[in-house]
Amino acid sequence: MREVVIAGIGQTRVGELWDISLRSLAYQAIKAARRDANGLMPDALYVGNYLAIVTSHQSNLGTLLADNAGLTGVEAFTCEAGQASGGAAFQMGFMAVASGYVDAALVVGVEKYTDAIGSEQEAALAISMDADYEAMVGLTLAGQAGLLMQRYLHQYGAPRSAFGAFPVLAHANAVNNPFAMYRRAIDQQTYEKAEPVADPLNLYDQASYADGAAAVLLTTPEKAQEAGIRHPLVRVRGSAGVIDTLALHDRPDPLAFDAARYAVQRACEMGGVLPGEVDLFEMDDAFSIYAVLGLEAAGFAERGEGWRLGQNGDLRLNGRLPILTMGGSKGRGNPLGAAGVYQIVEAAQQLRGEAGANQVTGARMALTLNVGGPASSAFAHVLEKR
């Protein structure tokens, strides 16, 4: 297996981007990533997207986006794994380069949530759930998360207020991210006064769905050198994807994010590292309960104890395990099928020493975890400064 490095990164602002099309949004990220990689031409394009076929009435995104970006003749197709589509696309790009199938692969995650409005948006979001047994009876993504939080509070006796630490941290880190949707800090009091969304979930427990595009150009160290790339390279040490049952009611323990646990284990095994050796963790915080369950699944806390990590400063930028360093989905905004690629871009910024005021001192290794729904699918990646 060949060594794979990140040669270029690019991203757009996240938000309600009404005035830009899906193809133009993706092009902005692709152009930025190729510029960062000194113009390196990819042999393949892998697109991470979740909603375009419903919200934008557009499929065959690989061809559309490659054609629009002038990538004539490359292999191109879409990877779909619900909200984990970005992580899935990155894994495809990694495997293509690592195997020698291509010398350079471009991965782009793109989402245009605002191409639909009102009830159309809610219906679109539901397509990642079990249509017959969940969506059909009116369950929503927020409803799923609310059920999990209620179960967690009942089973482990965690204080309800403890979940506020995660959105408070995310918003604090997003202040210094120029691409973030919400560049304003909140405090615990603001969190506790927020209106309910799906009891016991409140407004700040859920990341806002948004538009955005992020891109990563993968290649070998030799090709990066030939391209004359000057910035530090980031090595992909491990990558893994795992699934669980789609419907929550089919799991023996709904609070065990098993797909996330196995994805992290396998990515770390491939990289020859332990989760505790990483310097930062870009995790999925589509809902605050997912952040807690993700920390537990990755092995950073015992079952029922993940909420405690938010209470002692361990997760801050200067803490033992910095998370959501550029705001995560809560502060940056949640571009759904593109979120996993944003995680990679933000981790690469940290490892390249380009995170500005949010820079984690001495960061050399990062772990990312992108999940679809309540970890029905999960993709983990280990990155290292080369």
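Everything discussed here concerns the structure shown above.
Let us look at the structure shown here. The model shown is predicted, which means the values in this text are computed figures rather than measured ones.

## As for the side chain of Asn177
Relative to the helices and strands, Asn177 resides in the loop between α7 (165-174) and α8 (188-193). Among the polar contacts made by the side chain of Asn177, one reaches the main-chain carbonyl oxygen of Met326 at a distance of 3.0 Å. Discounting residues that sit within four places of it in the chain, Asn177 has contacts with Arg183, Met326, Arg332 and Glu346.

## Re the pattern of salt bridges
Within the structure shown, the criterion is met by 18 salt bridges. A salt bridge links Arg235 to Glu3, with the shortest nitrogen-to-oxygen separation between them at 4.0 Å. Separated by 232 residues along the polypeptide, Arg235 in strand β8 (residues 234-243) and Glu3 in the segment before β1 (5-11) bring together distant segments of the chain. Arg235 sits in the partly exposed class, given a relative accessible area of 31%. In this structure, Glu305 and Arg308 form a salt bridge, with 2.4 Å as the shortest nitrogen-oxygen distance. Overall, Arg308 belongs to the partly exposed group, its relative accessible area being 42%. When salt bridges that share partners are traced, they join Glu3, Arg235, Arg237, Glu384 and Arg386 into one network.

## Comments concerning the packing of helix α6 (residues 141-156) against helix α11 (residues 288-297)
As a packed pair, α6 and α11 sit with axes 9 Å apart at the nearest point and diverge in direction by 60 degrees. Taken together, the axes of α6 and α11 lie oblique to each other. As α6 runs across α11, the sense of the crossing is left-handed. When α6 is examined against α11, the residues Leu141, Gln144, Ala145, Leu148, Met149 and Tyr152 are found in contact with a partner set consisting of Ser288, Ile289, Tyr290, Val292, Leu293 and Glu296. A breakdown of the residues in the contact of α6 with α11 according to their chemical character gives nine nonpolar, two polar and one charged.

## Digging into the side chain of Asn49
Looking at the secondary structure, you find Asn49 in the loop between β2 (44-48) and α2 (52-55). Residue Asn49 is classed as buried on the basis of its relative accessible area of 5%. Of note is the side chain of Asn49, whose polar atom sits 3.1 Å from the side chain of Glu111. Non-local contacts of Asn49, meaning those with residues more than four positions away in its chain, are made with Leu22, Leu61, Thr78, Cys79, Glu80, Ser85, Val110, Glu111 and Gly337.

About the criteria used
Residues numbered from 1 in each chain as written. Predicted model: local features only at pLDDT ≥ 70, side-chain atom pairs only at ≥ 80, totals over all residues. Heavy atoms only, no water. Helix = DSSP H or I, 4+ residues; strand = E, 2+ residues; numbered from the N terminus. Polar contact = N/O pair within 3.5 Å; in protein donor to acceptor, adjacent residues only side chain to side chain. Contact = heavy atoms within 4.5 Å. Salt bridge = Lys/Arg side-chain N within 4 Å of Asp/Glu carboxyl O. Buried < 20%, exposed > 50% of the residue type's maximum accessible area, 1.4 Å probe, protein only. Axes fitted to C-alpha atoms, helices over the stretch in contact; angles between N-to-C directions. Parallel < 35°, antiparallel > 145°, perpendicular 65-115°, else oblique. Left-handed = near helix turned anticlockwise from the far one by under 90°. Nonpolar A, V, L, I, M, F, W, Y, C, P; charged D, E, K, R; others polar.

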